[in-house]
Each structure stands twice: as C-alpha cells, then as structure tokens.
Amino acid sequence: MQALVRSRCATCGTLLRVDVADLVARHGPGYSLIDKLERCRMVGCSGSTFYLASRTYGGAWTLLLRDPALIASFETLPPARTALG
C-alpha cells in the first residue's frame, strides 16, 4: 500500500518515522500495527509508543488504535514533537 507510518510516544510526545520494511522483516508480512505498543526509542524515556498511518505525504494521519481501553489511556497526550526539537 506504500502507506507512511509514524510512532508517537504517549509520555514524551516524540513522533518518529517508522521503516515499514524493517517491521515486515521483524514480524512478517501479516503483522498488524493496530493496537500495538512499543517502547519509546528516545534516550531517557520509558514511555510507550503507538502507531499512526497516512496514505500520502500531507494527508491526514489515522490513529492505529481500536481498543477502547487503549484509546482511553492515551486521552491526555503531551504536545507532539519531532526527534529534532
């Protein structure tokens, strides 16, 4: 699908690009990012990241969370920031 994928930390707010080819290599082609959490990759942060996807650059980002409990746990998020700033 050539979708763009980002991860966002619920603790520090950092947005990071996700290499979809790396995810496929690690988990296989049938792996789903919906409701998946991973540890934040920012140094000094122990938060959890969730995934967002967009079909094109400049397009709307879709939260890849469907579980109501997960959505509720991320209701108050810090402002989004890039890894550069």
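Everything quoted here is computed from the prediction, not taken from an experiment. (Residues numbered from 1 in each chain as written. Predicted model: local features only at pLDDT ≥ 70, side-chain atom pairs only at ≥ 80, totals over all residues. Heavy atoms only, no water.)

Undergrad: Looking at this structure, I do not really get the layout of surface pockets. What am I missing?
TA: Regions of empty space are outlined by a rolling probe, equal in size to a water molecule, passed over the atoms. There is about 180 Å³ of room inside the second largest pocket. Lining of the second largest pocket is provided by 13 residues; of these, Ser7, Arg17, Val18, Arg26 and Arg41 occupy positions nearest its centre. Of all the elements, helix H1 (residues 20–27) adds the most residues to the lining of the second largest pocket, at 3 residues. Within the lining of the second largest pocket, the residues separate by chemical class into 4 nonpolar, 2 polar and 7 charged. (1 Å grid on protein atoms, 1.4 Å probe; cavity = no way out; pocket = protein on both sides within 12 Å on 5 of 7 lines; lining within 4 Å. Points joined across faces, edges and corners; volume = space filled by probe spheres on them. Helix = DSSP H or I, 4+ residues; strand = E, 2+ residues; numbered from the N terminus. Nonpolar A, V, L, I, M, F, W, Y, C, P; charged D, E, K, R; others polar.)

Undergrad: Even after reading the chapter, I still don't get the packing of aromatic side chains, so can you show me in this structure?
TA: Here the distance between the centres and the angle between the planes together describe a pair of aromatic rings. Counted according to the given criterion, the structure contains 1 aromatic pair. Plain terms: the ring middles of Phe50 and Phe74 are 5.0 Å apart, the flat faces sit at 40° to each other, and that makes the pair tilted. Taken together, the residues span a long stretch of sequence, with Phe50 in strand S4 (residues 48–54) and Phe74 in the loop between helix H2 (68–73) and strand S6 (81–82) at a distance of 24 residues. With a relative accessible area of 1%, Phe50 lands in the buried category. For Phe74, a relative accessible area of 12% puts it in the buried group. Between the NZ or CZ atom of Lys36 and the centre of the ring of Tyr31, over which it lies, the distance is 5.2 Å. (Phe/Tyr/Trp six-rings, centres within 6.5 Å; stacked < 30°, edge-to-face > 60°. Buried < 20%, exposed > 50% of the residue type's maximum accessible area, 1.4 Å probe, protein only. Lys NZ or Arg CZ within 6 Å of the ring centre and 35° of its normal.)

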